[in-house]
Amino acid sequence: MTAPLDEKLEPIYQDVLRRNPGETEFHQAVREVLETLGPVLVKYPEFAEHKVIQRICEPERQIIFRVPWEDDKGETHINRAFRVEFNSALGPYKGGLRFHPSVYLGIIKFLGFEQVFKNSLTGLPIGGGKGGSDFDPKGRSDSEIMRFCQSLMTELYRHLGEYTDVPAGDIGVGQREIGYLFGQYKRITNRYESAVFTGKGLDWGGSRARREATGYGTVYFVHEMLKARSEELDGKTCIVSGSGNVAIYAMQKAMQLGAKVIACSDSSGMVVDEKGIDLKLVRRIKEVERRRISVYAEEKKGARYIEDGNIWTIPCDVALPCATQNELTAKDAKKLVEQGCIAVAEGANMPTTPEGIRIFKDAGIAFGPGKAANAGGVATSALEMQQNASRDSWTFEFTEKRLEEIMVNIHNDCFETADEFGEPDNYVVGANIAGFLRVSRAMVAMGLI
Ligand code: GLU
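About the criteria used
- Residues numbered from 1 in each chain as written.
- Predicted model: local features only at pLDDT ≥ 70, side-chain atom pairs only at ≥ 80, totals over all residues.
- Heavy atoms only, no water.
- Axes fitted to C-alpha atoms, helices over the stretch in contact; angles between N-to-C directions.
- Helix = DSSP H or I, 4+ residues; strand = E, 2+ residues; numbered from the N terminus.
- Parallel < 35°, antiparallel > 145°, perpendicular 65-115°, else oblique.
- Left-handed = near helix turned anticlockwise from the far one by under 90°.
- Contact = heavy atoms within 4.5 Å.
- Nonpolar A, V, L, I, M, F, W, Y, C, P; charged D, E, K, R; others polar.
- Near = heavy atom within 4 Å.
- Polar contact = N/O pair within 3.5 Å; in protein donor to acceptor, adjacent residues only side chain to side chain.
- Areas by Shrake-Rupley, 256 points an atom, 1.4 Å probe, with all protein chains shown as cover.

K.L.:
How should I be thinking about the packing of helix α8 (residues 210-228) against helix α16 (residues 396-420) in this particular structure?
P.N.:
Relative placement of two packed helices is described by the angle separating their axes and the distance separating the axes. The interhelical angle for the contact between α8 and α16, taken along N-to-C directions, is 45 degrees, at an axis separation of 9 Å. One way to sum up the angle between α8 and α16 is to call them oblique. In this structure, α8 meets α16 at a crossing whose hand is right-handed. Along its contact with α8, which presents Glu 212, Ala 213, Tyr 216, Gly 217, Tyr 220, Phe 221, Glu 224, Met 225 and Ala 228, the element α16 presents Phe 396, Glu 400, Leu 403, Glu 404, Met 407, Val 408, Ile 410, His 411 and Phe 415. Residue classes in the contact of α8 with α16 are distributed as 12 nonpolar, 2 polar and 4 charged.

See below:
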């Protein structure tokens, strides 16, 4: 695929391939981390002795179950759901649930694996896990969504708990779904255990800034990367793929910091609005009406909708992939670099292919990998857990301030770690190593468990 692996790491990777056949996204996520860990084993041979890397690549527990549910016409459907409890060295398993037809074990494992490092980088007490289902929520009524969530939770509840495993949202799972899931958990267990879910509604224990947090955090990260290069976001042209929760609030924060956002997208196509995206309109279409982004161009004069359009062909200074995995390829990366892009930060999980990352690195542009750049979401989930534990409710401003501090710390940690390991400016190396070190130290301290 890309760079050769250290000789101690190659057999570990081969073992991951052999033990997890066909799970290509998981292989990709593991390889990307292993490619950066060679120098760590030289500096800290104890991690090899304790087989930490082999252990970190094997989830602590994997749950797969059937979810039967009935649609509005009375027809029965069967979906498959997963929860991969990857690593609990730093705290209870923490990570979202994804509802999307592409979901299978390999996707959940890649997400769970990334989550371990990401959560470690936040510096907060959260382990890593991920779950989801191949259920497709598109076009489903509220009652169908509710019945699906209730059925899923009827099995999943026994694996959860505020000290055990704390899910949240991801693609296809937002506050509506968290409400149905939490409601069923509460009913079955007869416990109002607020901190068993994050991303809750504001009236029932949610954090005032959780919805904004991932997108805001990604832009704070870009802001810090640019600052480190004596640049700023003010006046820059920005493109953001996606139009879900992460994309919307990345656009909002980028605009607040003076950038001009000219394009966004969904899985059917993209809109380009040279005058600057009208965020109120995007929010109405996506958050209130749950319609396609094509509606934007129908309602906004001067905006273009391009069916199946490739957003990475639009010239920009800053690109924020906020949609899904492997959405930005080597060809796209080349085009972005050619057209003068100076910074890329991943709001989504693993949106850039390994070849794409290499092109950004070779071109010397600032590249913020998802583990670091989108960690603001899960960090704010950990803050939501703190509020629930103290039965408190923080203001938006206070929460956002904490989020900003956390993102600055993550940036500095990645920056300094990359420097320490002889790869200045390489945030991929910095994020992987800084995330790995904290989990690994905890794993060694806790013995062979
Ligand atoms: N799904 C989000 C992520 O990829 C958030 C997880 C959470 O808040 O627990 O990090």
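Additional details are given in the paragraphs that follow.
K.L.:
Looking at this structure, how should I read the site of the ligand?
P.N.:
With respect to spatial proximity, 13 residues lie near the ligand, and among them Lys 94, Lys 118, Gly 169, Asp 170 and Ser 381 are the closest. In the model, an oxygen atom of the ligand is placed 2.7 Å from a nitrogen or oxygen of the Lys 94 side chain. Arg 210 is positioned with one of its side-chain polar atoms (N or O) 2.9 Å from an oxygen atom of the ligand. Contact with the protein chains hides 94% of the accessible area of the ligand, taken as 300 Å² for the molecule alone. When contributions to the shell around the ligand are tallied by element, the ones reaching two or more residues are β3 (93-99), α5 (105-121) and α15 (375-389).

K.L.:
Please explain the packing of helix α9 (residues 245-256) against helix α10 (residues 279-288) as it appears in this structure.
P.N.:
Their axes nearest at 11 Å, the elements α9 and α10 cross at an angle of 165 degrees. With respect to α10, the axis of α9 lies roughly antiparallel. As for how α9 packs across α10, the hand of that crossing is left-handed. Of the residues in α10, those touching α9 at Ile 248, Tyr 249, Met 251, Gln 252 and Met 255 are Leu 279, Val 282, Arg 283, Lys 286 and Glu 287.

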